[in-house]
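Listed below are the residues making up each chain.
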Amino acid sequence: MTGVVLPGNRQLELREFSVPEPGYGQVLVRMKASSLCGSDLRAIYRPTNQGTGPEAYQGVVAGHEPCGIIERVGPGVRRFKAGDRVIVYHIAGCGLCSECRSGWMISCSQPGRGAYGWQRPGGHEDFMVADEATLVTLPDELSYLDGAMVACGIGTAYAACLRAGVSGRDRVLITGLGPVGLGAALLCRAMGAEVVGVEFIAERRQLAQQLGFASIVSPEDGDMLTALLQQTGGHGFEVAIDCSGNANARHLCLEAAREWGRVVFVGEGGTVSFEPSPLLIHKQLTLYGSWVCSLPQMEELTERLVRWQLHPDVLVTHRFTLAQAKEAYELFDTGRTGKVAFVWE
């Protein structure tokens, strides 16, 4: 079978591998969709030194947003069977620490932790082995591409929305309308909130507008803070979520949040510098850092998507086969797309 390996420095290799055998408590998943993530670009595809700690890439098959159908099961598998449609939660933790036992395998710090596509072979291959403990059932109402979106991007956005307690009482500012930002916008709207976005890249503004988000501000428009506050009657936003990792965008979230508001930083990388007293303390804001959803939150999200009749695959603007992997990564690296995904017929 074919798999994608990322040597770094914007290089990509298609290699041939033997189809693996599932071990005890594992399943073999026939891939149906595996999408690309911005963290792959930031930490694996672009750098020559490919990370440390949880983001240490170990030369395995890439892809941590996998979705497919179980081909066969290994010994000891009890919940799932061949033919089940599944999403793969992309971190396999030790299973014993308090973080793992509460479903937060992303926060597992034990030596046995391994993320698919980083330390364990991921979804950019025809078949992948996954631990049964990392599987989430894909409802029949959702497509395989929906499931791939849930596996990281939309799950990450959902966790940020939950941290902020988004509801229909809120007007939400989202800075950075890449896949995670647009995913957060879709979720906030489904939760009943009004959404205003900030995005520099024209293609992403256009996609947001196609998805029904009319209130989009561009940094090219001049004084963004004034323009944003005008949309709130001068009060500011109850919730502000930065999905860009950009210092100016993070600062803008703090400025535009109304008193007693909630701000979430979810965009990776970058820095930010601000004066705590006027922007955080005196406004009595709550500032959250949010990484990735937990396994229970991912299961909850799939249920909510069905209830809301929300299909996150609308974020996918480009679909490729594995044979087109080089083209797919080069295009995604431009930043001028929505979500990019590999699909199998």
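Use the structure listed above.
Residues numbered from 1 in each chain as written. Predicted model: local features only at pLDDT ≥ 70, side-chain atom pairs only at ≥ 80, totals over all residues. Heavy atoms only, no water.

Undergrad: Any chance you could break down the side chain of Asp-170 for me, citing the residues and the numbers?
TA: Its place among the elements puts Asp-170 in the loop between helix H4 (153–164) and strand E10 (171–175). At 3.0 Å, the side chain of Asp-170 forms a polar contact with the side chain of Arg-262. Other than its neighbours up to four places away in sequence, Asp-170 contacts Gly-165, Ala-193, Glu-194, Glu-238, Val-239 and Arg-262. (Helix = DSSP H or I, 4+ residues; strand = E, 2+ residues; numbered from the N terminus. Polar contact = N/O pair within 3.5 Å; in protein donor to acceptor, adjacent residues only side chain to side chain. Contact = heavy atoms within 4.5 Å.)

Undergrad: So, the pattern of salt bridges: which residues are in play, and what are the values?
TA: Taken as a whole and judged by the stated rule, the model has 19 salt bridges. Ionic pairing is found between Glu-55 and Arg-42, a salt bridge with its closest N-O pair at 2.7 Å. Taken together, the positions of Glu-55 in the loop between helix H1 (38–45) and strand E4 (66–73) and Arg-42 in helix H1 put the pair 13 residues apart, joining distant regions of the chain. Overall, Arg-42 belongs to the partly exposed group, its relative accessible area being 28%. The partner of Arg-262 in a salt bridge is Asp-170, with the nearest N and O atoms 3.0 Å apart. With Arg-262 in strand E14 (residues 257–265) and Asp-170 in the loop between H4 and E10, this pair connects stretches of sequence that are 92 residues apart. (Salt bridge = Lys/Arg side-chain N within 4 Å of Asp/Glu carboxyl O. Buried < 20%, exposed > 50% of the residue type's maximum accessible area, 1.4 Å probe, protein only.)

Undergrad: Explain the packing of aromatic side chains to me, and be specific about the residues and the numbers.
TA: When we look at a pair of aromatic rings, we describe it by the centre distance and by the angle of the planes. Counting across every chain of the model gives two aromatic pairs. A ring pair is formed by Tyr-45 and Tyr-329, whose centres lie 5.2 Å apart and whose planes are at 35°; its orientation type is tilted. With Tyr-45 in helix H1 and Tyr-329 in helix H11 (residues 325–332), this residue pair connects regions lying 284 residues apart in the sequence. You can call Tyr-45 buried: its relative accessible area is 3%. Look at Tyr-329 and you get buried, because its relative accessible area is 0%. The rings of Tyr-45, Tyr-329 and Phe-342 are connected pair by pair, giving a single aromatic cluster. Taking the ring centre of Tyr-144 as reference, the NZ or CZ of Arg-85 above it sits at 4.6 Å. Residue placement shows Arg-250 over the ring face of Phe-265; its charged tip is 5.7 Å from the ring centre. (Phe/Tyr/Trp six-rings, centres within 6.5 Å; stacked < 30°, edge-to-face > 60°. Lys NZ or Arg CZ within 6 Å of the ring centre and 35° of its normal.)

Undergrad: Give me the lowdown on the sheet that holds strand E15 (residues 286–289), citing residues and values where you can.
TA: Spatially, six strands are ordered E12-E11-E10-E13-E14-E15 in an open sheet, and the strand pairing comes out parallel. One side of each edge strand has no neighbouring strand; the edge strands of this open sheet are strand E12 (216–217) and E15. For strand E13 (residues 237–242) and E14, the ladder comprises five bridges, and the chain directions are parallel. Within E14, the residue paired with Asp-242 across the bridge is Phe-265. Sitting on the sheet, helix H8 (residues 247–256) touches E10, strand E11 (194–198), E13, E14 and E15, and the angle it makes with E14 is about 155°. (Pairing = 2+ DSSP bridges. Axes fitted to C-alpha atoms, helices over the stretch in contact; angles between N-to-C directions.)

Undergrad: Pulling in residues and values, what's your account of the packing of H4 against helix H5 (residues 179–190)?
TA: Viewed as axis vectors pointing N to C, H4 and H5 meet at an angle of 55°, and their least axial separation amounts to 8 Å. When the axis of H4 is compared with that of H5, the two are oblique. Note on packing geometry: the crossing formed by H4 with H5 is right-handed. Packed against H4, whose contacting residues are Gly-153, Ile-154, Thr-156, Ala-157, Tyr-158 and Cys-161, the element H5 presents Val-180, Gly-183, Ala-184, Leu-187 and Cys-188 at the interface. (Parallel < 35°, antiparallel > 145°, perpendicular 65-115°, else oblique. Left-handed = near helix turned anticlockwise from the far one by under 90°.)

Undergrad: Could you give me a rundown of the packing of helix H3 (residues 144–151) against H4, with the residues and numbers involved?
TA: H4 packs onto H3 with a crossing angle of 50° between their chain directions and a minimal axis gap of 3 Å. In terms of their interaxial angle, H3 and H4 are classed as oblique. Contacts between H3 and H4 involve Met-149, Val-150 and Ala-151 from the former and Gly-153, Ile-154 and Gly-155 from the latter. Of the residues that constitute the contact of H3 with H4, the class distribution is four nonpolar, two polar and no charged. (Nonpolar A, V, L, I, M, F, W, Y, C, P; charged D, E, K, R; others polar.)

Undergrad: I'd like a description of unusual backbone geometry, backed by residues and values.
TA: What you tend to see is this: most non-glycine residues have negative phi, and most peptide bonds are trans. With a phi close to 65°, Trp-260 is a non-glycine residue in the positive phi region. Within the secondary structure layout, Trp-260 lies in strand E14. Classification of Trp-260 as exposed rests on a relative accessible area of 58%. Phi at Gln-309 is positive, roughly 55°, even though this residue is not glycine. Relative to the helices and strands, Gln-309 is located in the loop between helix H10 (295–308) and strand E16 (316–320).

Undergrad: Tell me what's going on with the pairing of strand E3 (residues 26–35), and back it up with residues and numbers.
TA: Burial of E3 is extensive: eight of the 10 residues sit out of reach of the surface. With five bridges connecting them, E3 and strand E8 (residues 127–131) associate as antiparallel partners. Note on E8: the bridge partner recorded for Arg-30 is Phe-127. In terms of strand pairing, E3 meets E4 through seven bridges, oriented antiparallel. Each bridged residue has a counterpart across the sheet, and for Ser-34 the counterpart in E4 is Pro-66. Taken together, the three bridges between E3 and strand E17 (residues 339–343) define a ladder with antiparallel strand orientation. Looking at E17, one finds that Ala-33 is bridged to Val-343.

Undergrad: Residues and numbers for H4, please.
TA: With 12 residues, H4 should cover 16 Å at 1.5 Å per step; its first-to-last C-alpha distance of 17 Å lies within 8% of that length. Summarising burial for H4: 10 of the 12 residues are buried, a large majority. For H4, the complete set of buried residues consists of Gly-153, Ile-154, Gly-155, Thr-156, Ala-157, Tyr-158, Ala-159, Ala-160, Cys-161 and Ala-164. Elements that come into contact with the buried residues of H4 comprise H3, H5, E13, E14, E15 and H10. Gly-165, located one to two residues past H4, shows a positive phi value of around 65°. (Expected span 1.5 Å × (residues − 1).)

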